[in-house]
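Chain residues, written in single-letter form:
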Amino acid sequence: MQQQIIVTDLDFERLEGLIENYHGYEKIEQELKNACVVAKEEVPKDVVTMNSEIEFMDQMTNSKLEATLVYPTDVTKKRKGLSVSDSLGSKILGRREGDNIEWVSENGITKFITILKVVYQPEANGDWDL
């Protein structure tokens with residue numbers, strides 16, 4: 001059974017718009033089917049939302065990595081931008097600090113990460129228009 005994710009109402013609405021208007025967003029659509037949608041003011045601070053900066057551990061290499069979860073059009077605008085349409089991006093959306101995630105990379109390799117910390121979350125900082 002797939003773990004339920006938490007998504008803000010604003011993120012859900014924007015992502016639904018992407019799914020309806022563009023092709024190639026099947027991974028996001030699948031993740032959103034099991035989402036618990038909450039008001040942006042009510043999302044817990046340890047949840048990965050859109051435009052969140054996170055630290056995570058690659059469990060295979062024990063490497064700490066950082067990324068900012070962004071919309072596909074914003075990948076080049078953010079340092080270490082990770083598109084929500086990528087296989088990893090779609091898997092970290094709505095997950096929490098401490099979650100272990102199994103995902104299949106674009107080249108077909110199964111990988112495992114742990115979300116260590118949500119370094120910055122727009123909702124926790126009152127940044128409602130990101």
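Going by the structure above, here's the rest.
These notes cover the structure that comes with them.

How each quantity is defined
Residues numbered from 1 in each chain as written. Predicted model: local features only at pLDDT ≥ 70, side-chain atom pairs only at ≥ 80, totals over all residues. Heavy atoms only, no water. Pairing = 2+ DSSP bridges. Helix = DSSP H or I, 4+ residues; strand = E, 2+ residues; numbered from the N terminus. Axes fitted to C-alpha atoms, helices over the stretch in contact; angles between N-to-C directions. Contact = heavy atoms within 4.5 Å. Expected span 1.5 Å × (residues − 1). Buried < 20%, exposed > 50% of the residue type's maximum accessible area, 1.4 Å probe, protein only. Arc of directions from axis to C-beta.

Paired through backbone hydrogen bonds, the strands of a sheet run either parallel or antiparallel to each other. The sheet built from five strands is open, its strands ordered 5-4-3-7-6 with mixed pairing. Each of the sheet's edge strands pairs with one partner strand only, and the pair in question is strand 5 (81-83) and strand 6 (100-104). In this sheet, neighbouring strand axes are inclined to one another by 45° on average, regardless of whether the strands run parallel or antiparallel. Where strand 3 (residues 53-58) meets strand 4 (residues 63-70), six bridges bridge the pair, whose relative direction is antiparallel.

With that settled, consider the environment of Val43. For Val43, the position within the fold is in the loop between strand 2 (35-38) and strand 3. Separated by 37 residues in the primary sequence, Val43 and Ile6 have C-alpha atoms spaced 7.5 Å apart. Residues contacting Val43, with those up to four places away along its chain left out, are Ile6, Thr8, Val38, Thr49, Gln121 and Glu123.

Now for helix 1 (residues 9-21). Compared with the 18 Å implied by 1.5 Å per residue over 13 residues, the 18 Å span of helix 1 between its first and last C-alpha is a close match. Within the span of helix 1, buried status applies to Asp11, Leu15, Leu18 and Ile19. For helix 1, the angular spread of the buried residues around the axis is 95°, confining them to a single face. Looking at helix 1, the residues exposed on the side facing more than 90 degrees away from the buried face are Glu13, Glu20 and Asn21. On its buried side, helix 1 packs onto strand 1 (5-8) and helix 2 (26-32).

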